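# Coordinates in review
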Amino acid sequence: MNGDVITSVETYALAVPLPRSLSDATARLTAWTVPVVEIRTADGRIGTGISGVHHGADLLTRVIDRHYAPELLGAASEDILGTWKRLYWLPTHWVGRAGTVHMALSMVDIALWDLAAQRAGLPLWRLLGGTPGPIETYNTDGGWLNLSVEEVIRDLGALADRGWRRLKVKIGTPDWREDAARVRAVRTAIGPDLTLMCDANQRWDLHTATRMLPVLAEAGMDWFEEPVHADDVLAHQRLQAAGIVDIAAGESLYSYHAFTTFIATGALRVVQVDVTRVGGVTEFLQIARHAAAAGLRVVPHAGDMMQVHQHLAGTFLSETPPLLEYIPWTREAFVHRSVVRDGYAARPQEPGASTAIAATARERWQVKGIGATPSNRRARQPR
Ligand code: MG
């Protein structure tokens, strides 16, 4: 048996409590859940794939347990692209080519890239030919919508004192005038030097988003994120065509084809592809290279809390320096934790994708009743 042959597949999930309750325009969060797949190979290695959700972690693990694991057992883990295509075109495609099923595929793909990097003895970014320098991050963890304007100003100021130069503010309330007052107050208090971006999490219609454009421009917003429903390409296109503020989107797009439609129609300037929402590292790279070639900024959305994206930034040709979203919620779940100093993330040095889960994290945060152990499984029968 070749060493790279898959011998077992295990799934579980961690629910990591947040230090405080948070909300944006669509969700209220008290914990961040990390669904996990561990793929073992005949040579004794374990590749770990992760996602990040606030509900429905069991849906992702069940797709892997019931539909992907029988296909993976006995297969060659080094055939990443072949495995991707085989799983993608299973009958599950018809019930979830975007969302749950595709996020489960992402978990498997990340695990296979983790294995490939371990086998090469390299951190994933080095396997992908990335540059070694630290990567700038922006911080999302100070501008939540449930915080008062005073709390946002205090928290963003504290993050700036710790070295971040780019900070995000959540908007998208039912009354856009409240949001206008919010961004004006934040900019006035924080001064002109820090870079601010804002995120409406899809909750406005085109008319409201259009009314906000001059307000956001006046407040010097670097980008306007998810201004309207994520699938409304034409509304994004109109907002971007106004040329007032750059439009950012991508955390709610699940495929290479969805991104190419936005890119071809000039519907965005900032491409927020998320390795846990598209089909893993494989599809992330396809999208990032395409977007960069079109002259767009690629700034990943951190559904993985940056753990995998810290390897993917700076691995493709672009005239824009790489930038990562930083949210520190699940850092302690990992064996090799991300290291961010003065707003810059150091490149990991350990072989793999930095996805291995710490034993202490499983003891503290594993969710009962989610996932399946290897002993539950049988490989699919030869056809
Ligand atoms: Mg967002």
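Residues numbered from 1 in each chain as written. Predicted model: local features only at pLDDT ≥ 70, side-chain atom pairs only at ≥ 80, totals over all residues. Heavy atoms only, no water.

### Focus on the domain arrangement of the chain
Defined as follows: All the domain ranges listed were derived from an automatic or database domain assignment. The contact definition used throughout considers only heavy atoms, calling two residues in contact when any of these lie within 4.5 Å. Summed over both partners, the accessible surface that disappears when two parts come together, traced with a 1.4 Å probe, is what is meant by buried area. Definition used for salt bridges: Asp or Glu carboxyl oxygen within 4 Å of a side-chain nitrogen of Lys or Arg.
Domain annotation of the chain identifies domain 1 (6–121 + 358–376) and domain 2 (125–345). Of note, the centres of domain 1 and domain 2, computed from C-alpha atoms alone, are 25 Å apart. Counting from both sides, the interface comprises 35 residues of domain 1 and, opposite them, 37 residues of domain 2. Across the interface of domain 1 and domain 2, roughly 2900 Å² is buried in total on both sides, 66% from carbon and sulfur atoms. The closest approach of N and O atoms between Arg-364 and Glu-332, which form a salt bridge, is 3.5 Å.

### Some words on the nonpolar core
As a reminder, the rule being used: Here, the term nonpolar core denotes a set of buried Ala, Val, Leu, Ile, Met, Phe, Trp, Tyr and Cys residues that are joined through side-chain atoms within 4.5 Å. A 1.4 Å probe rolled over the protein chains alone gives each residue an accessible area, and that area as a share of the maximum for its type sets the label: buried under 20%, exposed over 50%, partly exposed in between.
Among the nonpolar cores identified, the biggest contains 117 residues, and Tyr-68 and Phe-224 are the most heavily contacted of them. For this core, the domains that each give at least three residues are domain 1 (6–121 + 358–376) and domain 2 (125–345). In contact with Phe-224, other than residues within four places in its own chain, are Ile-171, Cys-198, Ala-200, Trp-204, Ala-209, Leu-213, Leu-216, Val-245, Asp-246, Ile-247 and Ala-248. Core analysis: the second largest hydrophobic core is formed by seven residues, Tyr-138, Met-197, Ala-248 and Val-270 among them.

### Quick notes on the coordination of the magnesium ion
Selection criterion: Coordination shells were defined by N, O and S atoms within 2.8 Å of each metal, extended to 3.2 Å for Na, K and Ca; water is absent from the atom set, which can make sites look incomplete.
Taken together, Asp-199 (OD), Glu-225 (OE) and Glu-251 (OE) make up the full set of protein donors to the magnesium ion, lying 2.0 to 2.2 Å away. The buried category is assigned to Glu-225, whose relative accessible area is 0%. Given a relative accessible area of 9%, Glu-251 falls into the buried group.

### Quick notes on the packing of helix H1 (residues 57–72) against helix H4 (residues 100–120)
For any two helices packed against each other, one specifies the crossing angle of their axes together with the interaxial distance. Quick note on the threshold: Think of each axis as a best-fit line through the C-alpha atoms, taken over the contacting stretch in the case of a helix, with angles from 0 to 180 degrees between the N-to-C directions. Comment: elements are numbered from the N terminus, with helices defined as DSSP H or I runs of at least four residues and strands as E runs of at least two. Orientation is classified from the angle alone, with under 35 degrees giving roughly parallel, over 145 giving roughly antiparallel, 65 to 115 giving roughly perpendicular, and any other angle giving oblique. The sense of a crossing depends on the near helix, which, turned anticlockwise from the far helix by less than a right angle, makes the crossing left-handed and, turned clockwise, makes it right-handed. For this scheme, ten residues count as nonpolar: Ala, Val, Leu, Ile, Met, Phe, Trp, Tyr, Cys and Pro. Four count as charged, namely Asp, Glu, Lys and Arg, and the remainder, Gly too, count as polar.
Running from N to C, H1 and H4 point in directions that differ by 60 degrees, and their axes come no closer than 9 Å. It follows that H1 is oblique to H4 by the angle criterion. Classified by chirality, the crossing of H4 by H1 is right-handed. From H1, Leu-59, Leu-60, Val-63, Ile-64, Tyr-68 and Leu-72 reach across to H4, where they touch Thr-100, Val-101, Met-103, Ala-104, Leu-105, Met-107 and Val-108. Here the contact of H1 with H4 is composed, by residue class, of 12 nonpolar, one polar and no charged.

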